[in-house]
Amino acid sequence: MNKPQTMLDKLWDAHFVARRLDGRDMIYVDRHVLHELHAPHAFEQLEKSNRGVRRADLTFSMQDHTVSTKPGRTQSTNPDGEQFQVAMREGSLCHEIRLFDLGDPEQGISHVVAPELGLVLPGATHAVPDSHACTVGGLGALGIGCGTSELEHILITQTLAMKRPKSMRITLEGKLHPRVSAKDLSLRILALFGSSFGRGYAIEFAGDAVRALSIEARLTLCNLAIEMGSRSGLVAPDEQTFAYLKGRPYAPQGAEWEAALAQWRLLPSDEGATFDKELHVDCNDLAPQITWGTDLSQTISVTDAVPRLDGDAEALTKKQRSLAYMGLDPGQPILGLKVDRVFIGSCTNARISDLRTAAAILRGKHVAAGVTAMAVPGSTSVKRMAEAEGLDQIFKDAGFFWGESGCSMCAGGNGDRGRPQERIVSTTNRNFEGRQGKGVRTHLSGVEVAAASAIAGVIADPRAID
Amino acid sequence: MQPFTSITGVAVPFPQNDVNTDQIAPVPTQRSLKPDYKALFFHRARRSADDGLDPSHVLNLPQYATPSIFVTGHNFGCGSSREGAVWTMMAVGISCIVARSIADLYRENCLQNGVLPIELPDPVADAFDKRVVEANGGAPFTVNLETRTISGPGGPDIAFEISDADRTRLLEGLDDIGMSLKHANEIAAWETRARAASPWLQRALRAPETEPAK
Ligand code: SF4
């Protein structure tokens, strides 16, 4: 009998092209999705070196990072983004790459668009010059975030040269409260193990808590793999995955669909496969999570208090610095902290299921006085779907800004930023100093906490809201 | 790419963990396709509340004005994939990072640009950090990739580890794309096999009946 293999091994072996002189494996890239912040530089390099794109038919261009979210937007609504969008358009046209431009009915954040179109499939490799490429692991695809030089390398060779990561499995067991979600799972993992334990590993998320997650929730879970230090997160595909993909525009059809299914069923890690590292998390009674500091490991349950100042000198300095930046006192409860702004969006939490969850909490209510609230759908398709269901009206009635799709406040690349010292509850993925604007105090949470806090005007526990 | 054999220069101590790419190269308020990478270098961290340069910040001290070696803590370069966070280090003259650990993507971006990423285990790093602080930019350190050693004031040579493959790549300044293009035949062969085995991955064709309504 063959040695039992992990899903990572299977994916890697199936995409292995050659081993290079420097010991790296060349891995074939099935889908390559570009965005306008980093692609223009690579296009320019191509021109300089007079090299072409090997597989424009497997490459896709997305305008997401710098696009305005204002209704009626054009490329100049965010003047800062215009040059990027223009360069992206020209480069894509020149290399005959399909561009999801402003005004395209399927424009959106690449990590949201690729799964919903069935562009990315189980067993595929998927590279994006963006660290959250790991998101698509939720479908059983190997997502790999890359740098600009790597992007250029993929354009020219359709491969990525890498060392095979080590394998880690995190088994999540238990039943989640209905107002506790995949985001809380990821934040809990970060609180338990820190923000770099995944370095050098691809993380497979397994266990009954993961199996019970919807596909969109699995995408959210894998989205935060990079925050754990890992370039790739994975969830084994199952019948739910296949049902999600069936009939999607770029998914295989007819006889090919059947052939694909047969292969996808072989993808999950074999019984008895050994992982380089195994971790277990009990998720029963998991409370909604929220970050209190400026690193994702600085996470607590909403019902907990901000940590006290203890630990060794180094830990102490880090805590002190985070607390000062966040304007918090050691030991103070996080519930009830006044909130200035709420943002629901990003590749982490802006899929249709996220908007439905938020709308269910917001329905018939209004955000508290003094709170600026924004909802930005992850893709134009998600926006259309939400509008067809009347969700946009619920958000607007609740006092939310309802925007056009893009990355928006996640990194503020389109000008959507907070003001210094503003406290934001945000469904995004990074609470770094200054990420959402100079001096902005970001608390990351799931959509449940964000929606509940918008209404309460203070950080709130969504389990307490009817 | 420039081959890297050895460098001698000022080592700047930056003893923090989890320094992310947003800190190293913050997104400028005025975005540009051709940013001034030198100015971006720890742009926010180096400034005080009124936006002026904070003269007491280590990266603003005159003795560290032209650093070659950046000495830091764990998980350096975590966060986004932006390669600008390596380019900004290069723009100020840094060509070697000595950290306790470096985030995967950042480490790869370093190698892509001929910047030497060194990871030292804690006890060795403790001793080295102390020497760097004591040198205070006054006496240079030398990082020699051929002999895999760091030498400088205040103590004996320090051996560091780096895989033979990464070492060769840097020593010879191997062009990354050139290295891969040597395998063009194998890429084509892989594609032929894949076209037969899983054709749906070798062409991303939208089903005609699902063309979106314009
Ligand atoms: S939403 Fe945020 S994390 Fe996701 S791709 Fe956009 S900027 Fe990156």
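Note that the structure is a prediction, hence the values are computed from the model and not measured. (Residues numbered from 1 in each chain as written. Chains lettered and ligands numbered in written order. Predicted model: local features only at pLDDT ≥ 70, side-chain atom pairs only at ≥ 80, totals over all residues. Heavy atoms only, no water.)

## Regarding the pattern of salt bridges
One pass over the full model with this rule turns up 51 salt bridges over all chains. With a closest N to O distance of 2.8 Å, Glu191(B) and Arg54(A) form a salt bridge. Pair noted here: Glu191(B) is in helix H8 (residues 184–197) and Arg54(A) is in the loop between helix H2 (39–49) and strand E4 (59–62), and the two residues belong to different chains. For Asp340(A), the salt bridge goes to Lys338(A), with nearest N and O atoms at 3.5 Å. Under the relative-accessibility criterion, Asp340(A) is labelled partly exposed at 22%. (Salt bridge = Lys/Arg side-chain N within 4 Å of Asp/Glu carboxyl O. Helix = DSSP H or I, 4+ residues; strand = E, 2+ residues; numbered from the N terminus. Buried < 20%, exposed > 50% of the residue type's maximum accessible area, 1.4 Å probe, protein only.)

## Describing the site of the ligand
Residues and elements named next belong to chain A. Neighbouring the ligand are His65, Ile109, His111, Asp130, His132, Ser346, Cys347, Cys407, Cys410, Asn429 and Arg435. Its residues assigned to classes, the shell around the ligand comprises four nonpolar, five polar and two charged. Here the shell around the ligand gathers at least three residues from each of two domains, domain 1 (22–162) and domain 3 (289–464). (Near = heavy atom within 4 Å. Nonpolar A, V, L, I, M, F, W, Y, C, P; charged D, E, K, R; others polar. Domains from an automatic or database assignment.)

## Side note on the sheet that holds strand E3 (residues 96–99) of chain B
Residues and elements named next belong to chain B. If you trace the seven strands from one edge of the open sheet to the other, you get E4-E3-E2-E1-E5-E6-E7, paired in mixed fashion. Each edge of the sheet is formed by a strand with only one pairing partner; in this case those strands are strand E4 (116–119) and strand E7 (158–159). Examined bridge by bridge, strand E1 (residues 6–14) and strand E2 (residues 67–72) share five bridges and lie parallel to one another. Paired with Val10 across the bridge in E2 is Pro67. Packed on one face of the sheet, helix H4 (residues 104–112) meets E3 and E4 and runs near 140° to E4. (Pairing = 2+ DSSP bridges. Contact = heavy atoms within 4.5 Å. Axes fitted to C-alpha atoms, helices over the stretch in contact; angles between N-to-C directions.)

## A look at the domain arrangement of chain B
Domain annotation for chain B reports domain 1 (6–174) and domain 2 (176–205). For domain 1 of chain B and domain 2 of chain B, the distance between their C-alpha centroids amounts to 37 Å.

## Description of helix H11 (residues 313–326) of chain A
All names here are of chain A. Over its 14 residues, H11 extends 20 Å from the first C-alpha to the last, a length consistent with the 20 Å expected when each residue adds 1.5 Å. Every buried residue belonging to H11 is among Lys319, Ser322, Leu323, Tyr325 and Met326, and all of these are buried. Buried residues along H11 cover an arc of 165° about the axis, so they all sit on one side. Opposite the packed face of H11, turned more than 90 degrees from it, sit the exposed residues Ala313, Glu314, Thr317 and Ala324. Among the residues trailing H11, Gly327 stands out with phi positive, at a value near 65°. (Expected span 1.5 Å × (residues − 1). Arc of directions from axis to C-beta.)

## Quick word on the domain arrangement of chain A
Residues and elements named next belong to chain A. By the assigned domains, chain A splits into domain 1 (22–162), domain 2 (166–282) and domain 3 (289–464). Computed over C-alpha atoms only, the centres of domain 1 and domain 2 are separated by 23 Å. Taken together, the contact between domain 1 and domain 2 spans 29 residues of the former and 24 residues of the latter. Buried surface at the junction of domain 1 and domain 2, summed over both partners, amounts to about 2,100 Å²; 63% is from carbon and sulfur atoms. There are one salt bridge connecting domain 1 and domain 2. Of the charged contacts, one joins Arg231 and Glu150 as a salt bridge, the two residues approaching to 3.1 Å between their closest N and O atoms. (Buried area = accessible area lost by both parts, 1.4 Å probe.)

## Some words on the packing of aromatic side chains
Under the defined criterion, the tally for this structure stands at 17 aromatic pairs over all chains. Summarising the aromatic geometry, the rings of Phe128(B) and Phe141(B) are spaced 5.5 Å apart at their centres and angled 85° between planes, so their arrangement reads as edge-to-face. Placement of the pair is Phe128(B) in helix H5 (residues 122–135) and Phe141(B) in strand E5 (residues 141–144), with a sequence separation of 13 residues. With respect to burial, Phe128(B) and Phe141(B) carry one shared label: buried. Among the aromatic residues, ring-to-ring pairing joins Phe14(B), Phe41(B), Phe42(B), Phe70(B), Phe76(B) and Tyr106(B) into one connected group. Looking at Arg98(A), its charged tip hangs above the ring of Phe100(A), at a distance of 3.9 Å from the centre. Across the ring face of Tyr244(A), the terminal group of Arg248(A) is positioned such that the distance to the ring centre comes to 3.9 Å. (Phe/Tyr/Trp six-rings, centres within 6.5 Å; stacked < 30°, edge-to-face > 60°. Lys NZ or Arg CZ within 6 Å of the ring centre and 35° of its normal.)

## Notes on the packing of helix H12 (residues 352–362) of chain A against helix H15 (residues 447–456) of chain A
Residue and element names in this part refer to chain A. It is the contact of H12 with H15, at a shortest axis distance of 9 Å, that shows an interaxial angle of 30°. Between H12 and H15, the angle is such that the two are roughly parallel. Crossing geometry of H12 relative to H15 is assigned as right-handed. Within the contact between the two elements, H12 uses Asp354, Thr357, Ala358, Ile361 and Leu362 and H15 uses Val447, Glu448, Ala451, Ala452 and Ile455. Of the residues contributing to the contact of H12 with H15, the split by class is seven nonpolar, one polar and two charged. (Parallel < 35°, antiparallel > 145°, perpendicular 65-115°, else oblique. Left-handed = near helix turned anticlockwise from the far one by under 90°.)

## A closer look at empty space enclosed by the protein
All names here are of chain A. The tally for this structure, following the rule as stated, stands at one cavity of 30 Å³ or more. In this model, the largest cavity occupies a volume close to 30 Å³. Along the walls of the largest cavity sit Thr6, Leu8, Ser167, Ala202, Glu204, Leu234 and Phe275, which together make up its complete lining. In terms of residue class, the lining of the largest cavity is made up of four nonpolar, two polar and one charged. (1 Å grid on protein atoms, 1.4 Å probe; cavity = no way out; pocket = protein on both sides within 12 Å on 5 of 7 lines; lining within 4 Å. Points joined across faces, edges and corners; volume = space filled by probe spheres on them.)

## Things to note about the nonpolar core
All names here are of chain A. Core analysis: the largest hydrophobic core is formed by 48 residues, its most contacted members being Val342, Ile344, Phe395 and Phe400. Contributing elements (two or more residues each) for this core: H11, strand E15 (341–344), H12, strand E16 (372–375), helix H13 (380–389), helix H14 (391–397), strand E17 (400–402) and H15. The dominant element in this core, judged by the number of residues it contributes, is H15, at seven residues. Once you skip the residues sitting within four places of it in the chain, Ile344 turns out to touch Asn349, Leu355, Ala358, Met374, Ala375, Val376, Phe395, Phe400, Thr427, Val447, Ala450 and Ala451. (Core = buried A, V, L, I, M, F, W, Y, C linked by side-chain atoms within 4.5 Å.)

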